[in-house]
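Residues per chain are reported as follows:
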Amino acid sequence: MVSIRPGDNVETEFGLMVDTIYKWYSQHTEMCGEITIGFVTGPEHEESLMTYVMSLIQQEEPLRPLFLQLGRVDVTFISRDGKDQKEFKFEVS
């Protein structure tokens, strides 16, 4: 779960999340059964975050085996007040 607060750099926060995925994957390799990437943010960042997620899934070669193993990546956007939630599912093949 990544919380994007006003004034945060979206690309930097996303990069920190990707680093966390790399660290987890290097330690647990085949133990993962599913992955949900969550963002607490306003609607102004959703489009850029979706672009980053798509790029991560499609182009991040070292993580490709993880995404193929899972077959799907779930992405959730939650509004800062916690009232609105959007969910997306990306099939990976």
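Above this text is the structure in question.
Residues numbered from 1 in each chain as written. Predicted model: local features only at pLDDT ≥ 70, side-chain atom pairs only at ≥ 80, totals over all residues. Heavy atoms only, no water.

Alignment of strand 3 (residues 72–78) against strand 4 (residues 85–91), held across seven bridges, turns out to be antiparallel. Within strand 4, the position partnered with V73 by the bridge is F90. The hairpin turn running from strand 3 into strand 4, its antiparallel successor, is six residues long, and G82 in that turn takes a positive phi close to 80°. (Pairing = 2+ DSSP bridges. Helix = DSSP H or I, 4+ residues; strand = E, 2+ residues; numbered from the N terminus.)

For strand 3, the buried fraction is high: six of the seven residues fall into the buried class. Judged from the five bridges that link them, strand 2 (residues 36–40) and strand 3 form a sheet pairing that is parallel. Of the residues in strand 3, the one forming a bridge with I37 is V75. (Buried < 20%, exposed > 50% of the residue type's maximum accessible area, 1.4 Å probe, protein only.)

The subject of this paragraph is the sheet that holds strand 1 (residues 2–3). Ordered by their spatial adjacency, four strands build an open sheet running 1-2-3-4, and the pairing between neighbours is mixed. What marks the edges here is a single partner per strand, and that holds for strand 1 and strand 4. Against the sheet, helix 1 (residues 10–28) engages strand 1 and strand 2, with an angle of about 155° to strand 2. (Contact = heavy atoms within 4.5 Å. Axes fitted to C-alpha atoms, helices over the stretch in contact; angles between N-to-C directions.)

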